[in-house]
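Coordinate analysis (summary)
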Amino acid sequence: MTNSYELFLFLKEKNLLENSPLHWWPNYGTFETVVGAILTQNTKWTNVEKSLQNLHQYNLISLETLSHAHLPLLIQAITPSGFKNQKATRLKVLCQNIQHTFGDFETFQEEVSRTWLLKQKGIGEETADAILCYACKKEEMIVDKYTQKLLHSFGFEFESYEELKQWCEYGINENFDKIIQLYGYEITLNQLYCRFHGKIVEFMKQNPRV
Ligand code: 39A
């Protein structure tokens, strides 16, 4: 394996996303994805699902309701996904900042930059890219611990998050036309990044010893 296109092909033939939504992340392109991207830090996705269910039950899955949420209730709702006090405070402040800077979620989706996201407390590169890719539909590939570990198993070492991200994006960009032909229908670069990241996560979950 020499580039990310070959990695993509290796994963594609395993049909890892057969039972997943089109863009892999549930409720792609909605505000819920922003919340999920924060909650998934340092925990399993199944725990995030429980927190999201609670938030829906308490009617807290919108920019407006989360900005004004009663903190103890928010803490209670997101308890399953851990770091409850820190994540609750950060989520609430993030929502207030989004409202203050962009007004509403739709404008945030259109206008937010990576630089703005990285200035928010609790948002690092991986979370920023998850929000950009899955909530704002931008052409940004997410690379995470799974990606690092998988590539390490193939003998690759990267010096930084950015270097790994560029390696992943480059092979997909360079072979974009070939990938479209493979699918047999139009697919956007954003959708490809979503699916590529999803395939990596699902592969690593199925192969924990890699
Ligand atoms: N680790 C993960 C996930 N595992 C996931 N899904 C399964 C659907 N998402 C959306 C984010 N992070």
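Residues numbered from 1 in each chain as written. Predicted model: local features only at pLDDT ≥ 70, side-chain atom pairs only at ≥ 80, totals over all residues. Heavy atoms only, no water.

**Thoughts on helix α2 (residues 31-39)**
For clarity, the cut-off: Buried residues are those whose accessible area, probed at 1.4 Å on protein chains only, stays under 20% of the maximum for their type, while exposed residues exceed 50% and partly exposed ones sit between those limits. A run of H or I in DSSP counts as a helix once it spans at least four residues, and a run of E counts as a strand once it spans at least two, with each numbered from the N terminus. Residues are treated as being in contact if the distance between any of their heavy atoms lies within 4.5 Å.
Most of α2 sits inside the fold, with nine of its nine residues counted as buried. All of the buried residues along α2 are Phe 31, Glu 32, Thr 33, Val 34, Val 35, Gly 36, Ala 37, Ile 38 and Leu 39. Summarising the contacts, the buried residues of α2 are in contact with α3 (45-57), α4 (63-67), α6 (84-102), α7 (105-111) and α9 (125-135).

**Remarks on the domain arrangement of the chain**
What counts, and what does not: Where a domain begins and ends is set by an automatic assignment or by a domain database. Defined here as a combined quantity, buried area equals the accessible surface (1.4 Å probe) lost by two parts on assembly, summed across both. Any Lys or Arg side-chain nitrogen found within 4 Å of a carboxyl oxygen on Asp or Glu counts as a salt bridge.
Under the domain assignment, the chain is made up of domain 1 (4-21 + 141-206) and domain 2 (31-135). Relative placement of domain 1 and domain 2: their C-alpha centres are 25 Å apart. For domain 1, the biggest contributors to the area lost against domain 2 are Ile 142, Tyr 161 and Cys 194; these three give 52% of the whole. Our count for the domain 1 to domain 2 interface comes out at two salt bridges. Taking the shortest distance from any N to any O, the salt bridge between Asp 129 and Lys 165 comes out at 3.1 Å.

**Things to note about the packing of aromatic side chains**
Geometrically, a pair of aromatic rings is defined through the distance of the ring centres and the angle of the planes. Put simply, the rule is: Between 30 and 60 degrees the pair is tilted, below 30 it is stacked and above 60 it is edge-to-face, where a pair is any two Phe, Tyr or Trp rings, Trp via its six-membered ring, whose centres lie within 6.5 Å. As a reminder, the over-ring test applies to NZ of lysine and CZ of arginine, requiring each to be within 6 Å of the ring centre and within 35 degrees of the ring normal.
Within this structure, the stated rule accounts for 17 aromatic pairs. When the centroid spacing of 5.6 Å and the interplanar angle of 90° are considered together, the rings of Phe 10 and Phe 154 count as edge-to-face. With Phe 10 in helix α1 (residues 4-12) and Phe 154 in the loop between α10 (145-153) and α11 (161-174), this residue pair connects regions lying 144 residues apart in the sequence. Taking the centre distance of 6.2 Å and the plane angle of 70° together, the rings of Phe 108 and Trp 116 count as edge-to-face. With relative accessibility at 0%, the residue Phe 108 sits in the buried group. In this structure an aromatic cluster arises from ring pairing among Phe 31, Phe 102, Phe 105, Phe 108 and Trp 116. In this arrangement the basic side chain of Lys 14 is found over the ring face of Phe 10, its NZ or CZ atom lying 4.3 Å from the centre.

**Observations regarding unusual backbone geometry**
Of note, the phi angle at Asn 42 is positive, near 55°, even though the residue is not glycine. Note on placement: Asn 42 falls in the loop between α2 and α3. Phi angles above zero are rare outside glycine, and Phe 83 is one such case at about 45°. Here Phe 83 is to be found in the loop between α5 (71-77) and α6. According to the relative accessible area criterion, Phe 83 is partly exposed, its value standing at 48%.

**Notes on the pattern of salt bridges**
In total, this model carries four salt bridges according to the counting rule given. The salt bridge involving Asp 129 is made with Arg 114; its shortest N-O contact spans 2.8 Å. Note that Asp 129 is positioned in helix α9 and Arg 114 in helix α8 (residues 114-118), a separation of 15 residues in sequence. Accessibility classification places Asp 129 together with Arg 114 in one group, the buried group. Here Lys 165 makes a salt bridge to Glu 140, at a shortest N to O gap of 2.5 Å. With a gap of 25 residues between them, Lys 165 in helix α11 and Glu 140 in the loop between α9 and α10 connect regions that are remote in the sequence. Under the relative-accessibility criterion, Lys 165 is labelled buried at 3%. Sharing partners across several salt bridges, the network here consists of Arg 114, Asp 129, Glu 140, Glu 162 and Lys 165.

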